[in-house]
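Summary of the model geometry
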Amino acid sequence: MPLRKRVLLGMAAVAAVLVMGNVVLATTFADSLLRRVDAQLVSTAERPYFRDAGNENAITEFFIGRADLVNRTLQRIGSPLQQQSPPQLSLEQIAANRTGFGEPMRPFTVDAQSGDGRWRVVVVGAGFASDALVVGASLDDLDATLARMRFVQVTLTLAVLAALAVVAWWVLRLGVRPLTEMAATADAIAAGDLSRRVADAEDGTEAGRLATAFNTMLGTIEAALRQRAESEARVRRFAADASHELRTPLTSIRGYTELWQAGGLRHEGELADAMRRVNEEAQRMGALVEDLLLLARMDQDQRVERAPVRLDQLAEDAVRDARAVEPDRPIGLLVEPCTVEGDEGALRQVVGNLVTNALVHTPPRTVVRVSVTPHDSGLVRLVVADEGPGMPPEVAERVFERFYRADPARARAQGGSGLGLSIVAAIAELHDGRAAVESTVGEGSRFTVELPAAPGEV
């Protein structure tokens, strides 16, 4: 049974018990008052004083009358304290309820002769066998008392029922409605709408805490699923790009081998040139495979062997190698002694990839500047800047993606795989650092890698 129905049934049961209790209380109280009136009637009727026919002027609050059943008369004796309408009695009622001396009296109720009053009456034999003494007590006070009690009972019952209704509404609103919304949200999420959330309930309540925890859980699940989808998309894109990159050198190698098998390489010079091209493509494919394996290892193992590494010395070695490759290119170097903790081979690859990227993607004789300096907040900053053609913003924001090339034809002709800057970003992240780029078309690019300095260095 739903919780809402159980709450409503519980409240209805409490209300029913309350109403039944009030009915029983009112009935018991009315019976008790009526017994007291009957006791007073019996006590009065047993007094010899009222059986004496000579007491017509007695002053009393009761109705006192003598009935002659033979002559069929009923005469009121005594003077009433209050001017009340007497009871409406027939001689048949008197005869039916008349009791003899010593017998238990039988009180009965009759209406007043006028108005809405009621009387409680007993009839007892008096004098002759045909005579009867009638004693009656007005029930106006009793009825007024019961009316006041019923008014109080009804008022309090309605107040309690209203309070129960408010409590039921409050419980359903704070407790049941959020659960219903959570169930509807869960159904929507199961149907594929991962953006659905539960409306915030009142703070400090179980439903509020449950709603907050539920929304937090949904956010975590949605983020995990989004991350999973992005990861799967990256893997598919990575596999497609890797297949495409490997297909190019394999196609070249296959073409030269098929040409040789067909007898197209008859001269020694042609064969030597073909073998050189096969070797270049094989080296290019080997370098691509090595880069892929490196990225795969970094994706799988997020730990890195750490040891003190002089980043300024790595920059000096990279600049020295670049000057040997392009002696005519002006390459500036500004370094200060800076030590970081990390893997020397990986950090050397970071510096080498950034310098090589500057040489490959800028025209000959373009100025390249390399600097390693300490920075605020305990960081060491490596900067490789050039005065080349620069990149538009849409290219700059994607240069660290794997296999991304702003000019694929030109980069492939220069032997690039599109993984160099991706490796730089991955290694920087493994060393708790970050890689960034600033570029302006026509002014050049500035690649920055920030790494935490070794303890005690900054």
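The model shown is predicted, which means the values in this text are computed figures rather than measured ones.

Turning our eyes to something else, we now look at the overall build of the chain. Helix and strand counts for the chain come out as ten helices and 15 strands. Across the 458 residues that make up the chain, the buried fraction comes to 35%.

On to the sheet that holds strand S10 (residues 331-335). Pairing is mixed across the open sheet formed by five strands, whose spatial order is S10-S12-S13-S15-S14. With one partner strand each, in any of the chains shown, S10 and strand S14 (434-440) form the two edges of the open sheet. Mean inter-strand twist for the sheet, computed between neighbouring axes without regard to direction, equals 15°. As judged from the seven bridges shared by S14 and strand S15 (residues 444-452), these two strands associate in the antiparallel manner. Counted as the bridge partner of serine 439 is serine 445 from S15. Along the sheet, helix H7 (residues 344-360) contacts S10, strand S12 (368-375), strand S13 (379-386) and S15; its crossing angle with S13, the most-contacted strand, is approximately 20°.

Now for the confidence of the model for the chain. Of the residues in the chain, 87% reach a pLDDT of 70 or more, and the chain-wide mean stands at 82. Per-element averaging of pLDDT across the chain places helix H9 (residues 408-413) at the bottom with 46 and S13 at the top with 94. Across residues 409-413, confidence stays below pLDDT 50; counting only partners more than four residues off in sequence or on other chains, it has eleven contacts.

To continue, consider the pattern of salt bridges. Using the criterion set out here, one finds 20 salt bridges in the structure. Aspartate 312 is the partner of arginine 310 in a salt bridge, and the nearest nitrogen-oxygen pair spans 2.8 Å. With its nearest N and O atoms 2.7 Å apart, the salt bridge here joins glutamate 326 to arginine 329. On the basis of relative accessibility, which here comes to 4%, the residue arginine 329 falls in the buried class.

Among the secondary structure elements, aspartate 312 is positioned in helix H6 (residues 311-325). Reaching out from aspartate 312, the side chain makes a polar contact with the backbone nitrogen of cysteine 338 at a distance of 3.2 Å. Each residue touching aspartate 312, except ones within four places of it in the same chain, is listed here: Val335, Glu336, Pro337, Cys338 and Val372.

Secondary-structure assignment places alanine 223 in helix H4 (residues 206-261). Between the C-alpha atom of alanine 223 and that of leucine 194, which follows or precedes it by 29 residues, the distance is 9.8 Å.

This brings us to the packing of H6 against H7. Where H6 contacts H7, the two axes come as close as 9 Å, and the packing angle between them is 40°. One finds that H6 runs oblique with respect to H7. In the packing of H6 onto H7, the handedness of the crossing is right-handed. Here Leu311, Leu314, Ala315, Asp317, Ala318 and Ala322 of H6 come into contact with H7, specifically with Glu344, Leu347, Arg348, Val351, Val355 and Leu359. For the contact of H6 with H7, the class distribution of residues is nine nonpolar, no polar and three charged.

Attention now goes to the packing of aromatic side chains. Following the criterion strictly, the structure yields two aromatic pairs and no others. For the ring pair phenylalanine 63 and tryptophan 119, a centre distance of 6.2 Å and an interplane angle of 65° mean the geometry is edge-to-face. Of this pair, phenylalanine 63 sits in strand S2 (residues 63-68) while tryptophan 119 sits in strand S7 (residues 118-125), and the two are 56 residues apart along the sequence. Accessibility assignment for this pair places phenylalanine 63 and tryptophan 119 in one class, buried.

Below, the discussion takes up the nonpolar core. Counting 48 residues, the largest nonpolar core has Leu354 and Leu382 as the members making the most contacts within it. Of all the secondary-structure elements, those providing two or more residues to this core are helix H5 (268-300), H6, H7, S12, S13, helix H8 (393-396), helix H10 (420-430) and S15. Broken down by element, the residue count for this core peaks at eight residues, all from H7. Among all residues touching leucine 354, those that are not within four sequence positions of it are Leu382, Val384, Leu421, Val424, Phe447 and Val449. One finds Ala30, Val37, Met105 and Val135 within the second-largest nonpolar core, a separate group that totals 19 residues.

The rules behind these values
- Residues numbered from 1 in each chain as written.
- Predicted model: local features only at pLDDT ≥ 70, side-chain atom pairs only at ≥ 80, totals over all residues.
- Heavy atoms only, no water.
- Helix = DSSP H or I, 4+ residues; strand = E, 2+ residues; numbered from the N terminus.
- Buried < 20%, exposed > 50% of the residue type's maximum accessible area, 1.4 Å probe, protein only.
- Pairing = 2+ DSSP bridges.
- Axes fitted to C-alpha atoms, helices over the stretch in contact; angles between N-to-C directions.
- Contact = heavy atoms within 4.5 Å.
- pLDDT = per-residue confidence, 0-100.
- Salt bridge = Lys/Arg side-chain N within 4 Å of Asp/Glu carboxyl O.
- Polar contact = N/O pair within 3.5 Å; in protein donor to acceptor, adjacent residues only side chain to side chain.
- Parallel < 35°, antiparallel > 145°, perpendicular 65-115°, else oblique.
- Left-handed = near helix turned anticlockwise from the far one by under 90°.
- Nonpolar A, V, L, I, M, F, W, Y, C, P; charged D, E, K, R; others polar.
- Phe/Tyr/Trp six-rings, centres within 6.5 Å; stacked < 30°, edge-to-face > 60°.
- Core = buried A, V, L, I, M, F, W, Y, C linked by side-chain atoms within 4.5 Å.

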